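Next come the chains, spelled out residue by residue.
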Amino acid sequence: MPVCDKLLLNATTIDAQGNQLTQQAVAIKDGLIVWCGSQAQLPKQFYEARHKEECQGQLITPGLIDCHTHLVYGGNRSTEFQMKLAGVSYAEIAKAGGGILSTVRHTRAASEEELIKQSLPRILALRADGVTTLEIKSGYGLDLANELKMLRVAKRLGELAGLRVRKTFLGAHATGPEFQGNSQAYIDVLCQEMLPALCEENLVDAVDVFCESIAFSLKQTEQVFAAARALKLPVKCHAEQLSNLGASELAAEFGALSCDHLEFLDEKGASAMAKVNTVAVLLPGAYYFLREKQKPPVDLLRRAGVGMAVATDCNPGSSPTTSLRLMMSMACQFFSLTVPEALAAVTSQAARALGLQNELGTIAEGMNADLIWWSVNDSAALCYYFAYPLPHRMMVAGEWVSTLDTY
């Protein structure tokens, strides 16, 4: 009886640090990787695979992971794009009733079916770019009924696209319209009513907070984190994007999976993150779209030993994109990531940012067999090409699945 279902031979792969490996073999059984390494060391019994495929030196990577998206939303904010071009800041737009609250109005007005119809093309575009796992945040409902609606849609989108979806509750994205002028009352309702109710529906994998002067204070962020901890849910944080409030240090105290954006991160925050292995999620799309001048401190993150992930931040207001590979290229060009760092940023480090490092993100024995077979031989090609479709084959849980690309 064959000891594996599939055997990929003569592949180029990457390790957990994003370094390229050549002449590799990968054996797969029951949806898991059961052996991988130099083909010269492949045990003889694995040659009895049901299906053997010769890769001819082409690149096999883990399925890409987009660890920060706001993919479910109604409407768009193209008019705000023109305002930004005229010099109006993100903060000014938000204070004038635009920004997040504008999307809240459109999202609340949409049914679940309408949200699925609007959001499905976005998740399919990510799949066509090589993404097999993604996070989808709520945060455009800002009341129980609409946050519940968003998280249900997120779950359904994963089923429709055949991808793994992690659902993050970002009720603390902005103060709900009914609570304008009283953000503390909103946070109280979020912690005491919304979060427990959503957990009962088994729709929350993690809890996020936008900690910023235009959003929620450190004290309010701590309150949400404490409520999440009581429910045994991991936390994440939109931190130090527009200023440095110390959100990264607070998040580290709660063992956060990730802190995201981080343009204004300082040494104290980086050190705190490193001590608890909190991942820094860099979002070059938002940096580009908002015309930011302050780059995230990549050299500081390297020195501190903080792992770096890269994500699309797909959202209607500050990063309307669905190309994770474009973000990889931007991370190299704008933030000076190396190619191996960028590859790790959307595989092993992105898995850590979602708490999935023991299941996904690396080609290693015992991991889920979510793989991409690219039509290139050099791993640098994934960062070299941008806004350019690279033909590939996609495997999820050990089975080849169709994509929008042809191979």
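The shown structure was predicted, so the numbers you read here are calculated from the model rather than taken from an experiment.

A.B. asks: Looking at this structure, I do not really get the UniProt feature "binding site: 4-imidazolone-5-propanoate" (unreviewed entry) in the protein chain. What am I missing?
C.D. replies: Annotation from UniProt places "binding site: 4-imidazolone-5-propanoate" (unreviewed entry) at Arg77, Tyr140, His173, Gln241 and Ser318. With respect to the helices and strands, Arg77 occurs in the loop between strand 6 (64-66) and helix 1 (78-85). Along the chain, His173 falls in the loop between strand 8 (164-172) and helix 6 (183-200). Of the residues examined, His173 reaches a relative accessible area of 5% and is grouped as buried.

A.B. asks: Help me out: how do you make sense of the pairing of strand 1 (residues 6-14) in this one?
C.D. replies: Residues in a regular strand point their side chains to alternate faces of the sheet. Most of strand 1 sits inside the fold, with eight of its nine residues counted as buried. Here four bridges tie strand 1 to strand 4 (residues 51-54), and the two strands are oriented parallel to one another. For Lys6, the partnering residue across the bridge sits in strand 4 and is His51.

A.B. asks: It is not clear to me how the sheet that holds strand 4 should be interpreted in this structure. Could you clarify?
C.D. replies: The mixed open sheet is built from four strands, whose spatial order is 3-2-1-4. With partners counted over all chains shown, the strands left at the sheet margins are strand 3 (32-38) and strand 4, one partner each. Geometrically, the sheet is characterised by an average inter-axis angle of 30° between neighbouring strands, direction not taken into account.

A.B. asks: How do you make sense of the packing of aromatic side chains when you look at a structure like this?
C.D. replies: Here a ring pair, both rings aromatic, is described through the centre-centre distance and the interplanar angle of the planes. In total, this model carries twelve aromatic pairs according to the counting rule given. An angle of 20° between the planes, with centres 6.3 Å apart, marks the rings of Tyr186 and Phe216 as stacked. Taken together, the positions of Tyr186 in helix 6 and Phe216 in the loop between strand 9 (206-210) and helix 7 (218-230) put the pair 30 residues apart, joining distant regions of the chain. When its relative accessible area of 0% is taken as the criterion, Tyr186 is described as buried. Between the aromatic rings of Tyr288 and Phe334, the centroid separation amounts to 6.5 Å while the plane-to-plane angle is 15°, which identifies the pairing as stacked.

A.B. asks: What's the story with the domain arrangement of the protein chain in this structure? I'm lost.
C.D. replies: By convention, interface size is frequently given as the accessible area that disappears when the constituent parts associate. By domain assignment, the protein chain separates into domain 1 (6-62 + 362-400) and domain 2 (64-353). Across the boundary between the two partners, domain 1 contributes 26 residues, which contact 24 residues of domain 2. Summed over both partners, the interface of domain 1 with domain 2 buries about 1800 Å², with 63% contributed by carbon and sulfur atoms. Of all residues in domain 1, Leu382, Cys383 and Met394 give up the largest surface area on contact with domain 2, accounting jointly for 28% of the area buried on that side. At the junction of domain 1 and domain 2, the tally comes to one salt bridge. Between Asp370 and Arg164 there is a salt bridge; the shortest N-O distance is 2.6 Å.

A.B. asks: What's the story with helix 4 (residues 112-128) in this structure? I'm lost.
C.D. replies: In an α-helix there are 3.6 residues to a turn, and that puts residues three or four apart on one side. In this model helix 4 runs 24 Å from its N-terminal to its C-terminal C-alpha over 17 residues, within 8% of the 24 Å that 1.5 Å per residue would give. Taken as a whole, helix 4 carries its principal kink of about 35° at Ser119; the proline Pro121 stands between one and four residues after it. Turning to helix 4, its buried residues are Leu115, Ile116, Ser119, Arg122, Ile123, Leu126, Arg127 and Ala128. Buried positions along helix 4 lie against strand 6, helix 3 (100-109), strand 7 (131-137), helix 5 (144-161), strand 8 and strand 15 (392-396). Backbone geometry just after helix 4 places Gly130 at a positive phi near 105°.

A.B. asks: Sorry if this is basic, but what is going on with the nonpolar core here?
C.D. replies: Most often, soluble globular proteins have nonpolar side chains that are buried together. Counting residues in hydrophobic clusters, the biggest one holds 96 residues, and the most contacted among them are Leu71, Val72, Leu134 and Leu337. No other element matches helix 12 (residues 324-335), which puts eight residues into this core. Here this core spans two domains, and each of domain 1 (6-62 + 362-400) and domain 2 (64-353) adds at least three residues to it. With residues up to four places along the chain from it excluded, the contact list for Leu134 reads Asp66, Thr69, Leu71, Ile123, Leu126, Leu163, Arg164, Val165 and Arg166.

A.B. asks: Is there a simple way to think about the sheet that holds strand 11 (residues 258-261) in this case?
C.D. replies: Working definition: the strands of a sheet are paired by backbone hydrogen bonds and lie parallel or antiparallel to each other. If you walk across this open sheet you meet the eight strands as 6-7-8-9-10-11-12-13, and the pairing is parallel. Pairing within the sheet leaves two strands with one partner each, and these edge strands are strand 6 and strand 13 (308-310). On average, each strand axis in the sheet is inclined to that of its neighbour by 25°, with strand direction left out of account. Bridging between strand 9 and strand 10 (residues 235-239) involves four bridges; their strand directions are parallel. Looking at strand 10, one finds that Val209 is bridged to Cys237.

A.B. asks: When you look at the packing of helix 4 against helix 5 in this model, what are you seeing that I'm missing?
C.D. replies: How two helices sit against one another is set out by the angle between their axes and by the gap between those axes. At a minimum axis separation of 9 Å, helix 4 and helix 5 run at an interaxial angle of 45°. By the angle between their axes, helix 4 is oblique relative to helix 5. Helix 4 and helix 5 meet at a crossing whose hand is right-handed. Judged by residue contacts, Glu112, Leu115, Ile116, Ser119, Leu120, Ile123, Leu124 and Arg127 of helix 4 engage Lys149, Arg152, Val153, Arg156, Leu157, Gly158, Leu160 and Ala161 from helix 5. For the contact of helix 4 with helix 5, a count of residues per class yields nine nonpolar, two polar and five charged.

Reading the values: rules and limits
- Residues numbered from 1 in each chain as written.
- Predicted model: local features only at pLDDT ≥ 70, side-chain atom pairs only at ≥ 80, totals over all residues.
- Heavy atoms only, no water.
- UniProt positions renumbered as here; feature names shortened; annotations may be inferred.
- Helix = DSSP H or I, 4+ residues; strand = E, 2+ residues; numbered from the N terminus.
- Buried < 20%, exposed > 50% of the residue type's maximum accessible area, 1.4 Å probe, protein only.
- Pairing = 2+ DSSP bridges.
- Axes fitted to C-alpha atoms, helices over the stretch in contact; angles between N-to-C directions.
- Phe/Tyr/Trp six-rings, centres within 6.5 Å; stacked < 30°, edge-to-face > 60°.
- Domains from an automatic or database assignment.
- Contact = heavy atoms within 4.5 Å.
- Buried area = accessible area lost by both parts, 1.4 Å probe.
- Salt bridge = Lys/Arg side-chain N within 4 Å of Asp/Glu carboxyl O.
- Expected span 1.5 Å × (residues − 1).
- Bend = angle between axes of the 7 residues up to and from the residue.
- Core = buried A, V, L, I, M, F, W, Y, C linked by side-chain atoms within 4.5 Å.
- Parallel < 35°, antiparallel > 145°, perpendicular 65-115°, else oblique.
- Left-handed = near helix turned anticlockwise from the far one by under 90°.
- Nonpolar A, V, L, I, M, F, W, Y, C, P; charged D, E, K, R; others polar.

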